[in-house]
Amino acid sequence: MMLSRTKPAVGPGAAAATKDTKKKKKMPTVEEFLDMRDYTGAITLLEFSRNSGKGNEETDMWIAYCAFHLGDYKRAMEEYERLTKNEGVNPDVWLYLACCQFFLGMYPESDENAKRGNAPKGRLQNRLQFHLSHKFGDERRLMTFHQNLQDIIEDQLSLASIHYLRSHYQEAIDIYKRILLDNRDYLALNVYVALCYYKLDYYDVSQEVLAVYLQQFQDSAVALNLKACNHFRLYNGKAAETELKALQEMASPSFQFAQDLIKHNLVVFRSGEGSLQVLPPLIDVIPEARLNLVIYFLKQDDIPEAYNLIKDLEPTTPQEYILKGVVNAALGQEQGSREHMKIAQQYFQLVGGSASECDTIPGRQCMASCFFLLKQFEDVLIYLNSVKSYFYNDDLFNFNYAQAKAAVGNFKEAEEIFQLIQNEKLKNDYTYLSWLARTYIMNTKARLAWELYLKMETSGESFSLLQLIANDCYKMGQFYYAAKAFDVLERLDPNPEYWEGKRGACVGVFQLIIAGHEQRETLRDVINMLRNTSNPQVEYIIRTMKKWAKENMVAVP
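Residues numbered from 1 in each chain as written. Predicted model: local features only at pLDDT ≥ 70, side-chain atom pairs only at ≥ 80, totals over all residues. Heavy atoms only, no water.

### Considering helix H29 (residues 460–475)
Okay, step 1: For H29, with 16 residues, the first-to-last C-alpha span of 23 Å sits near the 22 Å given by 1.5 Å per residue.
Okay, step 2: For H29, every residue scored as buried is listed here: Ser-462, Leu-465, Leu-466, Leu-468, Ile-469, Ala-470, Asp-472 and Cys-473.
Okay, step 3: The inward-facing, buried residues of H29 abut helix H27 (430–442), helix H28 (446–454) and helix H30 (479–492).
Okay, step 4: Taking the backbone nitrogen of Glu-461 as reference, a side-chain oxygen 3.3 Å away marks Ser-459 as the first, capping residue of H29.
Okay, step 5: Positive backbone phi, approximately 75°, marks Gly-477, located one or two places after H29. (Helix = DSSP H or I, 4+ residues; strand = E, 2+ residues; numbered from the N terminus. Expected span 1.5 Å × (residues − 1). Buried < 20%, exposed > 50% of the residue type's maximum accessible area, 1.4 Å probe, protein only. Contact = heavy atoms within 4.5 Å. Polar contact = N/O pair within 3.5 Å; in protein donor to acceptor, adjacent residues only side chain to side chain.)

Next comes the structure, spelled out in structure tokens:
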């Protein structure tokens, strides 16, 4: 269909309309673009000016400024590097270049340029070197620049960020809230407060604080990403991914960090899907990428690869200490290495005993893990009991919780907790099977323990489970299944000890039958098991049993 016109396309009417439109559509200035935080618009206008020959050093400075605020630190760095080649370069350019290099992780270069150009020592330089000192782990130098901080907003924000990076989240919150009291329009501080609450595991509170900012600025990459992470913690990966889609749709292609963040978090939200493709290139871009790749290898039972990835990492955050502890514990168990187990125990104790983490859920889990490795299970339960309401459906938590319950002799609860576990991989693990078999036996359910063995394929682990069933059943007076287990063991390995165990168990069943505590028909199975042995004692025992069976009218073979 042809679109109808109300005015002709040519002629005086059209000319008048064009003139009116030109009056209405006035091109915004660079200043107006900057006021609107439209750095893409500003940089487009500045580049047009430069390409048309109207640019100057000031134009180049503003282009670098816009690129920096777009998160395109590489472009900003290149602009500043070009400016440093000019004669009589403004000393501040070296400092701005150093800031770009800092955000690109080029810390030695940043440190060098922060001191160049004979720039007078100012507040920005002090703040930059304060942060560089933290990156270098130079505590003495850090304190020097810390002492130079003043009670002004920029310096206090810098101090709060260092508190955040050192996991002192409450101290950071206190600073942000103090600034917000006098500056209600500093809405971005709500994002920083929300980040701190997220790190403290207060996801609901984080979400409430974050909403204040998102009401005004719905396109913030940091805020939208944090909202997605809160949804991941509060709900699930699918809910988090839905939130992240909004960020995907609006993230500028030039904002590389946002793109990397989205790719990284999608892997996390999808339970590690695509880890090997996405995470390795991000290891030096996003600190969590290395940690999540380690977690991926742990889940794949590739403990050596996980260890190689984390062995040279000097932990600075609780998460890094915890993960390094987990990897060392896994490697220690796999290799039977006491050294790795001791390292793991020390890492767990460092986190669980720290003032900032002792009352957090991960902190209490760390203390539980520490005592678990020390085999102090009463202490393990003190910590696990305090956080169990948060992990009702968590299979790994229930696995450890049930083991601790069984280790202190609380087999009834241990059995109930073992039954909650749904993960098939865990349920086929020998540790799970052996502990569950023991709880069955201690709860006088030896038949269920025997059925666990029957479902296993013949292997070293099935042989070990047979030994456990044989000895535990004997100890608990459940002689019928002790006899069955010793019978199989004796046939697999003609060890005199297995015959002695079977003989005692068979006699024990016979005594229970005589006492009326075991069904008489069981005597047939007992006699058949005894006939599997060539020991001369067998005939005497069978003859005695048959004599009693005849006197009590029990049919036996």
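From this point, the discussion proceeds with the structure in view.
### Focus on the environment of Thr-444
Okay, step 1: Within the element layout of this structure, Thr-444 appears in the loop between H27 and H28.
Okay, step 2: According to the relative accessible area criterion, Thr-444 is exposed, its value standing at 60%.
Okay, step 3: A C-alpha to C-alpha distance of 8.7 Å links Thr-444 and Cys-473, two positions 29 residues apart in sequence.

### Overview of the nonpolar core
When a protein is soluble and globular, its nonpolar side chains tend to lie buried together.
Okay, step 1: The biggest cluster of nonpolar side chains holds 64 residues, and the ones touching the most others in it are Trp-450, Ile-469, Leu-523, Leu-530 and Met-545.
Okay, step 2: Examining the composition of this core, we find that nine residues originate from one element, H30, more than from any other.
Okay, step 3: Residue contacts for Leu-523: discarding those within four places in its chain leaves Phe-510, Ile-513, Met-545, Trp-548, Ala-549 and Val-556.
Okay, step 4: Among the nonpolar cores identified, the runner-up in size contains 41 residues, and Phe-130, Leu-142, Tyr-169 and Ala-240 belong to it. (Core = buried A, V, L, I, M, F, W, Y, C linked by side-chain atoms within 4.5 Å.)

### Some points on the packing of aromatic side chains
Okay, step 1: Tallying each qualifying case throughout the model produces 29 aromatic pairs.
Okay, step 2: Between Trp-62 and Tyr-65, the aromatic rings sit 5.1 Å apart at their centres with planes inclined by 80°, giving edge-to-face as the arrangement. Here the residue Trp-62 and the residue Tyr-65 both occupy positions in helix H4 (residues 57–69), the gap between them amounting to three residues, near one helical turn.
Okay, step 3: Judged by its relative accessible area of 31%, Tyr-65 falls in the partly exposed class.
Okay, step 4: On the numbers, 5.1 Å between centres and 75° between planes, the contact of Tyr-480 with Tyr-481 is edge-to-face.
Okay, step 5: Three or more aromatic residues joined by ring pairs form one cluster here, namely Phe-68, Tyr-73, Phe-102, Phe-103 and Tyr-107. (Phe/Tyr/Trp six-rings, centres within 6.5 Å; stacked < 30°, edge-to-face > 60°.)

### Topic: the pattern of salt bridges
Side chains that carry opposite charge are capable of pairing whenever their charged atoms lie near each other.
Okay, step 1: For the coordinates displayed, the defined rule picks out 24 salt bridges.
Okay, step 2: One salt bridge connects Asp-155 with Arg-127, and the closest N-O pair in it is separated by 2.7 Å. Here the residue Asp-155 occupies a position in helix H10 (residues 153–165), and Arg-127 occupies one in helix H8 (residues 123–136), the gap between them amounting to 28 residues.
Okay, step 3: Lys-425 serves as the salt-bridge partner of Asp-301, at 3.0 Å between the closest nitrogen and oxygen. Taken as a pair, Asp-301 in the loop between helix H18 (287–299) and helix H19 (303–310) and Lys-425 in helix H26 (residues 424–427) lie far apart in primary sequence, 124 residues in all.
Okay, step 4: Shared partners join several salt bridges into a network, and the residues in it are Glu-47, Arg-50, Asp-60, Arg-75, Glu-79 and Arg-82. (Salt bridge = Lys/Arg side-chain N within 4 Å of Asp/Glu carboxyl O.)

### Some details on the environment of Gln-101
Okay, step 1: With respect to the secondary-structure elements, Gln-101 resides in helix H6 (residues 91–103).
Okay, step 2: Residue classification places Gln-101 among the buried positions, given a relative accessible area of 4%.
Okay, step 3: Sequence separation between Gln-101 and Glu-334 is 233 residues; the distance between their C-alpha atoms is 42 Å.
Okay, step 4: For Gln-101, the residues in contact, after removing those within four places along its chain, are Met-77, Glu-81, Met-106, Glu-109, Ser-110 and Asn-113.

### Observations concerning H27
Okay, step 1: In this model, H27 (13 residues) spans 18 Å end to end at C-alpha, consistent with the 18 Å of a helix rising 1.5 Å per residue.
Okay, step 2: Within H27, the full set of buried residues consists of Tyr-432, Leu-433, Ser-434, Leu-436, Ala-437, Thr-439, Tyr-440, Ile-441 and Met-442.
Okay, step 3: At the N-terminal boundary of H27, the capping side chain belongs to Asp-429, with an oxygen 2.9 Å from the backbone nitrogen of Thr-431.
Okay, step 4: At the C-terminal side of H27, Thr-444 shows a positive phi close to 55°.

### A short note on the packing of H28 against H29
Okay, step 1: In contact at an axis separation of 10 Å, H28 and H29 are set at 165° when each is read in the N-to-C sense. Between H28 and H29, the interaxial angle falls into the category roughly antiparallel. As for the relative orientation of H28 and H29, their crossing is left-handed in sense. Between H28, through Ala-446, Ala-449, Trp-450, Leu-452 and Tyr-453, and H29, the contact on the second element is made entirely by Ser-462, Leu-465, Leu-466, Ile-469 and Cys-473. (Axes fitted to C-alpha atoms, helices over the stretch in contact; angles between N-to-C directions. Parallel < 35°, antiparallel > 145°, perpendicular 65-115°, else oblique. Left-handed = near helix turned anticlockwise from the far one by under 90°.)

### Let's talk about the environment of Met-77
Okay, step 1: By the element assignment, Met-77 lies in helix H5 (residues 73–84).
Okay, step 2: Residues Met-77 and Glu-424, 347 residues apart in the sequence, show an inter-C-alpha distance of 52 Å.
Okay, step 3: The contact partners of Met-77, leaving out residues within four places of it in the chain, are Leu-97, Cys-100, Gln-101, Leu-104 and Met-106.

### As for a negative patch on the surface
Okay, step 1: Together, Glu-31, Glu-32, Asp-35 and Glu-58 make up a negatively charged patch on the protein surface.
Okay, step 2: Per element, the largest residue contribution to the negative patch is three residues, and it comes from helix H2 (residues 30–35).
Okay, step 3: You can see Glu-58 is positioned in helix H4.
Okay, step 4: With a relative accessible area of 51%, Glu-58 lands in the exposed category. (Patch = residues over 30% accessible without salt bridge, like charges linked within 9 Å, V, L, I, M, F, W, Y side chains within 5 Å. Areas by Shrake-Rupley, 256 points an atom, 1.4 Å probe, with all protein chains shown as cover. Lys, Arg positive; Asp, Glu negative; His and termini not counted. Charge placed at Lys NZ, Arg CZ, Asp CG, Glu CD.)

### Things to note about the packing of helix H13 (residues 203–214) against helix H14 (residues 221–234)
The packing of two helices is summarised by the inter-axis angle and the distance between the axes.
Okay, step 1: Remark: H13 packs on H14, axes separated minimally by 10 Å, with the N-to-C direction vectors making an angle of 155°. The angle between H13 and H14 places the two elements in the roughly antiparallel class. Viewed along their axes, H13 and H14 form a crossing whose handedness is left-handed. Residue-level inspection shows Tyr-203, Asp-204, Ser-206, Gln-207, Leu-210, Tyr-213 and Leu-214 of H13 in contact with H14, the latter providing Ala-223, Leu-224, Leu-226, Lys-227, Asn-230, His-231, Arg-233 and Leu-234.
Okay, step 2: Partitioning the contact of H13 with H14 into residue classes produces eight nonpolar, four polar and three charged. (Nonpolar A, V, L, I, M, F, W, Y, C, P; charged D, E, K, R; others polar.)

### Digging into the side chain of Asn-398
Okay, step 1: Assignment of secondary structure puts Asn-398 in helix H24 (residues 395–407).
Okay, step 2: The contact partners of Asn-398, leaving out residues within four places of it in the chain, are Phe-391, Tyr-392, Asn-393, Ile-417, Leu-420 and Ile-421.

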